[in-house]
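Spelled out from the first residue to the last, the chains are:
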Amino acid sequence: MAIAAGVPVVPGTPTPVGSLEVAQDFAARVGFPLMVKAAHGGGGRGMRVVRDPQELAEGFSRASSEALAAFGDGALFLEKFIERPRHIEVQILGDQHGNVVHLHERDCSIQRRHQKVVEIAPAARLPPELRARLARDAVRLAQQVGYENAGTVEFLVDQSGDYYFIEVNSRLQVEHTVTEEITGVDLVQAQLQVAAGRSLPELGLLQESIAVNGCAIQCRVTTEDPARGFQPDTGRIEVFRSGEGMGIRLDGASAFQGALISPHYDSLLVKVVAHGPDQPTAAAKMRRALAEFRIRGVKTNIPFLQNVLAHPQFLGGAVDTQFIDENPELFHLSPGQNRAQKLLHYLGHVMVNGPSTPLPVKAKAALVEPTPPPVPMGDPPAGLRAVLQREGPGGFARALRGHRGLLLTDTTFRDAHQSLLATRVRTRDLARVAPFAAHALSGLCSMETWGGATFDVSMRFLHECPWERLRELRRLVPNIPFQMLLRGANAVGYTNYPDNVIHRFCEVAVTNGMDIFRVFDALNFVPNLVLGVEAAGAAGGVVEAALSYTGDVADPSRTKYDLGYYLGVARELVAAGTHVLCIKDMAGLLTPAAARLLVGTLRDTFPDVPIHVHTHDTAGAAVASMLAAADAGADVVDVAVDAMAGMTSQPSMGAMVACTRGTPLDTGISLEKVFEYSEYWEATRGLYAAFDCTATMKSGNADVYENEIPGGQYTNLHFQAHAMGLGHKFKEVKKAYAEANKLLGDLIKVTPSSKVVGDLAQFMVQNGLSRQEVEARADELSFPQSVVEFLQGHIGTPPGGFPEPFRSRVLKDLPRVKGRPGATLPPLDFEALGRELGEGRGGDGTPLPPEELLSAALYPKVFREFREFRDTFGPVSVLGTRLFLEGPAIAEEFEVELERGKTLHIKALALGDLNSAGQREVFFELNGQLRSILVRDTQAIKEMHVHPKAQRGVKGQVGAPMPGEVVELRVGEGERVAKGAALCVLSAMKMETVVTAPVAGTVTRVHVRPGMSLEGDDLIAEIQ
């Protein structure tokens, strides 16, 4: 008919094609590329571009299958594929009296998989003559067939300006809205009037009266995820709020709060139409309206649409059907923060499943958050950090030596809560009192704020980024030097890392605000120490190399770790370039007599090197020991604020300030300010009652001089003993610790060597073994892995070497490590790690920050889980500590400040019953509006049959890329598959997707069958 009407057409089959053989004959005559499309439908379904003969069979099969599923008939048309055309369609309207008019054209070139995404009326940058010819041919074609009612005549316009008729859609199309906006004609009403017999002139629809007014743009908001190839997303809409305003029209579909989005229907939620005097204005209105949408519970294409609307090529009107394919930056998406809904999910998860971080004891957190002391207006007084910034590490060290009086380092922000509260204090509670510390304690030598176990625990249990903690505290305390604990060649981890990781870590730590690196090694193994010293020094930090202390230098009978031993290590550290010498007394073994002897000897030997002493108060003698150290020439000692001092923590800040006041050792710290500081921390400890060591341990104990258990480990062992039902045997555990230490050759005990001794001690207690029995059965017992790796040399060589014949009997033929364990590790390829992390997150090409790379390098599994947790539950760090740990009570009302000026008002309303999917509905009121979320009951689900999920990071586990139905299974168990081989075909929203093998291997298990409905990430197959 088009040919008869003189309208140019694309070469194609005159009738539907039902077999591959006919399609191959047509391809041989016309050539490639070809378009294969459904004969009985549209909307992009059942359409494929076939570029060579090898693709024809698969393309024909898939298109026919999609057409059959969508329209009930798998017949197809074939036609020549026009490269890079514009898709222009003309809206027509005919009546029963032979009248036909056009309502101008629309540009529908922005397409994905031949599905229109954005429509514009009128088409921009279309020559007037071409515009008139398209309209004239559309009307001529309609007149030839006596067309009645609304319809669309569609054309492809190639790069040279030639055009081809492709089809008539004899219906009202989704994008008719833009035509209505620019012409003022209600097409729905008009077609009803025409169907009732009215003529177009009677309706006032004469061609000369149908003028164009401005520009209109329509965006289809769908439940498709652009980051995953526009895979349909399904689920329950938890929140729906639309954008509105002048020039915005909304045509709703299935969008409302509580709606269930099915994989078996169209993904369209709402059509948004913007009208303005020109395309840039209409685009600006559309961007504003889309930005105001809030859709939670399912993914949408709104971030992608925003990118399209802001693209210069779109705003200039120079787009064709390849626009999306040729502009990958459109997929560099800025996802919505969705913080409020994510936090509700977290709170609901805690309410249903209990705390996200395990609670050692059943003690409730305090109901009231502590109030920090008042802080004066203005900047805090200058502190020693000004000296460091002005004169560098060398000048800082000279300032310490030249200081009159005793300097203090406050460990409250790290080691104190590591020792007393299992390292569980959150950034929120540190940050609340940090400004007070900056003003009231500006005379401190430093604040220990970072490193050690805090790095791991922040991500693993507190779900916080340790780097964000460092930056936030640095912002709040600009004047006092920050100090961290660096485990030499282990950085802040528990294993060996390549040298470039240690160097990069120190560089990035300095960039984020770290000043002083206390570098130690669990065995005082100098090669490990020197690596840390060199890395911290090269990064521009102050190097404080530590002598890890054990034994008793004042006892002549203790000969292994005598004065000569420590002087020898100190000489090597000074020669390596340390700025400060530290005595790190992890267990609180440094008696006053030993402190005088060791510090005095070091002071005489190294008169120009500052000496910094760290201890624990497990035995109760730490204040006396620190006063003795100060009298002997120590420049700095570690203390903790009174409420966080004593027992396995550091000596009391208030006691040290009071005992030195008015003496040559006067600290210059106000005792009254210490009281205020302590009052805050006393109340804060109440929030962490479930982690407080006093729940199971009521006092320190001088038996530490016998068992030599480090302070933090003493607390942890006590908790672990109770958790394992060995609380009544803790005395035996401590005795076994001393025996295990002797078995291992009398070690310096600090992370990770202390863990080795602790693991062996608990192994002995659990199995009822004495030291003599362990020695006698060393070649037959299955020792803890940490013990075996220590004996292999994985953490270095202990002073005096390994215990023999115990070592040889345990290891037998296992390999041994000689020299520095990490020396042979190849450098880490940070670029490759960045690519891997970016791909795992659906990366948009933006380089990952060095902080994330380092977190992943040090703790790969922990970092991945932390990132997944934050993506799921949002910034839980803004929640109050009690809410974070325990969740709210029913009917409890509270506020959450997301950021300055953005506060959420939340009320927990109710918990629903368990549904068939193992979920409970949790009801909240958020800012006065009802919100509900579905939370899986992890305990109940264990008793229900639920399809397994593919584990992220396990490459052999293949998960469903989208919800849908399995329409075809292409592999069986035991089959070998190549990477990229088809495993099965999924159908969702009438779109089929082939799921391929991510790796080559053998299919060990298939978890699906044809006809099965899957959710996203449901496990399809396992490949080994």
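The coordinates are above.
1. Considering the overall build of the protein
No. 1: In terms of regular secondary structure, the protein is built from 33 helices and 37 strands.
No. 2: With respect to the three principal axes, the spread of C-alpha positions in the protein is 115 × 65 × 55 Å.
No. 3: Out of the 1024 residues in the protein, the part that is buried amounts to 56%.
No. 4: Roughly 40,700 Å² of accessible area belongs to the protein as shown, and the carbon and sulfur atoms make up 51% of that amount.

2. A short note on unusual backbone geometry
No. 1: Geometrically, the link from Thr-751 to Pro-752 is a cis peptide bond, its omega value of 5° lying close to zero.
No. 2: Within the secondary structure, Pro-752 is located in the loop between helix 24 (730-743) and helix 25 (753-766).
No. 3: In the segment running from Glu-804 into Pro-805, the intervening peptide bond is cis, with an omega of 5°.
No. 4: Here Pro-805 lies in the loop between helix 27 (785-792) and helix 28 (806-811).
No. 5: If you check the backbone angles, Arg-84 has positive phi at about 50° while not being a glycine.

3. Here we look at the sheet that holds strand 26 (residues 893-899)
No. 1: Reading across from one edge, 26-27-28-29 is the order of the 4 strands in this open sheet, with antiparallel pairing throughout. Each edge of the open sheet is held by one strand with a lone partner, namely strand 26 and strand 29 (929-936). Each adjacent strand pair in this sheet contributes to an overall mean axis angle of 35°, direction not counted.
No. 2: Where strand 28 (residues 919-926) and strand 29 come together, 8 bridges link them in antiparallel fashion. Along strand 29, the bridge assignment pairs Glu-921 with Leu-934.

4. Some words on the sheet that holds strand 21 (residues 516-519)
No. 1: Strand order in this closed barrel of 8 strands is 18-19-20-21-22-23-24-25, and the pairing throughout is parallel. Along the sheet, successive strands turn relative to each other by an average axial angle of 30°, direction set aside.
No. 2: Here strand 23 (residues 580-584) runs beside strand 24 (residues 611-614); their pairing, made up of 4 bridges, is parallel. Within strand 24, the position partnered with Leu-581 by the bridge is Ile-611.
No. 3: Here helix 10 (residues 384-402) sits on the sheet in contact with strand 18 (407-410), strand 21, strand 22 (542-548), strand 23 and strand 25 (636-639), set at roughly 45° to strand 22.

5. Quick look at the pairing of strand 7 (residues 149-157)
No. 1: Among the 9 residues of strand 7, 8 are classified as buried, and the element is accordingly described as predominantly covered.
No. 2: Pairing of strand 4 (residues 86-94) with strand 7 involves 9 bridges; the strand directions are antiparallel. Across the sheet, Arg-86 pairs through a bridge with Val-157, a residue of strand 7.
No. 3: Counting the residues between successive antiparallel strands, the hairpin from strand 7 to strand 8 (residues 163-169) contains 5 residues, one of them, Gly-161, with a positive phi of roughly 95°.

6. Here we look at the packing of helix 12 (residues 427-440) against helix 14 (residues 466-476)
No. 1: Their axes nearest at 8 Å, the elements helix 12 and helix 14 cross at an angle of 25°. Relative to helix 14, helix 12 is oriented roughly parallel. For the element pair helix 12 and helix 14, the recorded crossing hand is right-handed. Between helix 12 and helix 14, the residues in contact are Thr-427, Leu-430, Ala-431, Ala-434, Pro-435 and Ala-438 and Arg-469, Glu-472, Leu-473 and Leu-476, respectively.
No. 2: Its residues assigned to classes, the contact of helix 12 with helix 14 comprises 7 nonpolar, 1 polar and 2 charged.

7. Observations regarding helix 9 (residues 339-353)
No. 1: When the terminal C-alpha atoms of helix 9 are compared, their 21 Å separation across 15 residues agrees well with the 21 Å that a helix rising 1.5 Å per residue should span.
No. 2: Counted residue by residue, helix 9 has 13 buried out of 15 residues, so it is predominantly covered.
No. 3: Looking one or two residues beyond helix 9, the residue adopting positive phi is Gly-354, at roughly 90°.

8. Concerning the side chain of Asp-1018
No. 1: With respect to the secondary-structure elements, Asp-1018 resides in the loop between strand 36 (1013-1014) and strand 37 (1019-1023).
No. 2: Setting aside residues up to four positions removed in sequence, Asp-1018 forms contacts with His-947, Pro-948, Lys-949, Ala-950, Val-958, Gly-959 and Ala-960.

9. Describing the nonpolar core
No. 1: Counting 195 residues, the largest nonpolar core has Phe-505, Leu-602, Val-613, Tyr-677, Trp-681, Leu-744 and Phe-783 as the members making the most contacts within it.
No. 2: Setting aside anything within four residues of it in sequence, one finds Tyr-677 in contact with Asp-410, Thr-412, Phe-413, Val-433, Phe-436, Ala-437, Leu-441, Val-641 and Met-653.
No. 3: Ranked by size, the runner-up nonpolar core spans 36 residues in total, among them Ile-261, Leu-269, Leu-290 and Leu-330.

10. Side note on the pattern of salt bridges
No. 1: The full count for this structure, using the stated rule, is 63 salt bridges.
No. 2: In this structure, Glu-851 engages Arg-471 in a salt bridge whose closest nitrogen and oxygen atoms are separated by 3.9 Å. Of this pair, Glu-851 sits in helix 30 (residues 850-858) while Arg-471 is found in helix 14, placing the two residues 380 residues apart along the sequence.
No. 3: Residue Glu-851 is classed as buried on the basis of its relative accessible area, which comes to 14%.
No. 4: A residue is classified by how much of its surface remains accessible, and Arg-471, at 36% relative accessible area, is partly exposed.
No. 5: Where Glu-739 meets Lys-742, a salt bridge forms, and the shortest distance between an N and an O atom there is 3.7 Å. Here Glu-739 and its partner Lys-742 are both found in helix 24, 3 residues apart, which amounts to about one turn of the helix.
No. 6: Salt bridges sharing common partners tie together Glu-89, Arg-106, Lys-116, Glu-119, Glu-154, Glu-175 and Arg-220.

11. Focus on the packing of helix 25 against helix 27
No. 1: It is at 8 Å that the axes of helix 25 and helix 27 come closest, and there the two elements cross at 130°. Judged on the interaxial angle alone, helix 27 and helix 25 are oblique. Helix 27 is crossed by helix 25, and the crossing has left-handed handedness. Each of Lys-755, Val-756, Asp-759 and Leu-760 in helix 25 lies in contact with helix 27, whose residues at this interface are Ser-786, Val-787 and Phe-790.

Each value, and the rule that gives it
Residues numbered from 1 in each chain as written. Predicted model: local features only at pLDDT ≥ 70, side-chain atom pairs only at ≥ 80, totals over all residues. Heavy atoms only, no water. Helix = DSSP H or I, 4+ residues; strand = E, 2+ residues; numbered from the N terminus. Buried < 20%, exposed > 50% of the residue type's maximum accessible area, 1.4 Å probe, protein only. Areas by Shrake-Rupley, 256 points an atom, 1.4 Å probe, with all protein chains shown as cover. Pairing = 2+ DSSP bridges. Axes fitted to C-alpha atoms, helices over the stretch in contact; angles between N-to-C directions. Contact = heavy atoms within 4.5 Å. Parallel < 35°, antiparallel > 145°, perpendicular 65-115°, else oblique. Left-handed = near helix turned anticlockwise from the far one by under 90°. Nonpolar A, V, L, I, M, F, W, Y, C, P; charged D, E, K, R; others polar. Expected span 1.5 Å × (residues − 1). Core = buried A, V, L, I, M, F, W, Y, C linked by side-chain atoms within 4.5 Å. Salt bridge = Lys/Arg side-chain N within 4 Å of Asp/Glu carboxyl O.

Functional significance is not addressed by these values, which are geometric in nature.
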